[in-house]
Amino acid sequence: MNEPLIRPIPQQRVIGKLDEYMSRRDYAGAERHLLYWQEEARAGNDLRGLLMVRNELVGHYRKTAQREKAMAAAEGALSLIDALDFGGTLSAGTTYVNAATMMNAFGENERAMALFERARGIYESAAATRPELLGGLYNNMALTCAALGRYDEADALYDRAMDAMARAPHGALEQAITCLNRANLVEARDGLEAGERAINALVERAAELLHRDGLDHDGYYAFVCEKCAPTFDYYGFFAEAAALREEAERIYAAGN
């Protein structure tokens, strides 16, 4: 029997166009774009392309707080790991991290931890794992540990995240996010008053990282600014929060 014809979708072009939508905060356009290419990948029997699109949909629906759509996209992505015989590959690890990060965002922390553990086994055993992948794994896994009250594990994972991102190109943004996550951990573990000095040091370190020379002030930088600003506000760093929101607005207006 002949194998079905595969018509691959242009993955790099799909991602490039998605970045354009996100740089303008055109979330509806981004969703339409991804759903179109999901159908194209299905029609062309391109399972690799379909996995990529579904992973992007998981992230999109997480960012736009659409729980049911995010869960459905994650289940669809996870089902493709077996269909593609990708078990144990970096692609499988990335899919596990993506789905787990989304589940943590929606409070499904036990399910998230199981997927993070599977990803960790893959990433830590593969010599080709890029430091930014490890950093993302450790940071998001730490968030889930913290949500489960496993503070010592979370603290150790944040150390690993900072070390990994120090080796990653332009890892300062991810380090800043980790510092703010760690400030939240200190508050949860020690209380706001007892942890004040450590919290302030972490928030100040995050601000320093966000303003480091050489960072690309692009759509992703704007996204990180928006993501971080509420934490700066929460801990009383109002001028920093305002500056981050202003820079995000400038980037979005310019369409960078």
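Cut-offs and rules
- Residues numbered from 1 in each chain as written.
- Predicted model: local features only at pLDDT ≥ 70, side-chain atom pairs only at ≥ 80, totals over all residues.
- Heavy atoms only, no water.
- pLDDT = per-residue confidence, 0-100.
- Helix = DSSP H or I, 4+ residues; strand = E, 2+ residues; numbered from the N terminus.
- Axes fitted to C-alpha atoms, helices over the stretch in contact; angles between N-to-C directions.
- Parallel < 35°, antiparallel > 145°, perpendicular 65-115°, else oblique.
- Left-handed = near helix turned anticlockwise from the far one by under 90°.
- Contact = heavy atoms within 4.5 Å.
- Phe/Tyr/Trp six-rings, centres within 6.5 Å; stacked < 30°, edge-to-face > 60°.
- Salt bridge = Lys/Arg side-chain N within 4 Å of Asp/Glu carboxyl O.
- Buried < 20%, exposed > 50% of the residue type's maximum accessible area, 1.4 Å probe, protein only.

Chemist: Explain the confidence of the model for the chain to me, using residue names and the numbers behind them.
Modeler: On average, the chain scores 95 in pLDDT, and the residues at 70 or more come to 98%. When mean pLDDT is compared element by element in the chain, helix 10 (residues 196-210) scores highest at 98, while helix 1 (residues 11-23) scores lowest at 94.

Chemist: Help me get a handle on the packing of helix 7 (residues 131-147) against helix 8 (residues 151-166), residues and values and all.
Modeler: Helix 8 packs onto helix 7 with a crossing angle of 160 degrees between their chain directions and a minimal axis gap of 8 Å. Accordingly, the angle class assigned to the pair helix 7 and helix 8 is roughly antiparallel. Relative to helix 8, the crossing made by helix 7 is left-handed. Taking contact as the criterion, the partners of P131, E132, L134, G135, G136, Y138, N139, M141, A142, L143, C145 and A146 in helix 7 are, on helix 8, Y151, E153, A154, L157, Y158, R160, A161, A164 and M165.

Chemist: Any details on the packing of aromatic side chains? Residues and values, ideally.
Modeler: Geometrically, a pair of aromatic rings is defined through the distance of the ring centres and the angle of the planes. Inspection of every chain in the model, using the stated rule, returns four aromatic pairs. Measuring from ring centre to ring centre gives 5.9 Å for Y220 and F223, while their planes differ by 35 degrees; the resulting arrangement is tilted. Note that Y220 and F223 are positioned in helix 11 (residues 219-234) at a spacing of three residues, about one turn of the helix. Ring geometry for Y234 and Y235: centres 4.8 Å apart, planes at 75 degrees, overall edge-to-face.

Chemist: So what about the pattern of salt bridges? Which residues, and what values?
Modeler: Summed over the entire model, instances satisfying the criterion amount to 18 salt bridges. Of the charged contacts, one joins E20 and K17 as a salt bridge, the two residues approaching to 3.4 Å between their closest N and O atoms. Here the residue E20 and the residue K17 both occupy positions in helix 1, the gap between them amounting to three residues, near one helical turn. Look at E20 and you get partly exposed, because its relative accessible area is 39%. On the basis of relative accessible area, K17 is assigned to the partly exposed category, the value being 33%. Across the pair E226 and R25 runs a salt bridge, and its minimum N-O distance is 2.7 Å. Remark: R25 occurs in the loop between helix 1 and helix 2 (27-43) and E226 occurs in helix 11; sequence separation between them is 201 residues. Accessibility expressed as a relative area gives 27% for E226, which makes it partly exposed. Exposure remark for R25: the relative accessible area of 27% places this residue in the partly exposed category. Here the residues in one salt-bridge network are R25, E226 and E249, joined through shared partners.

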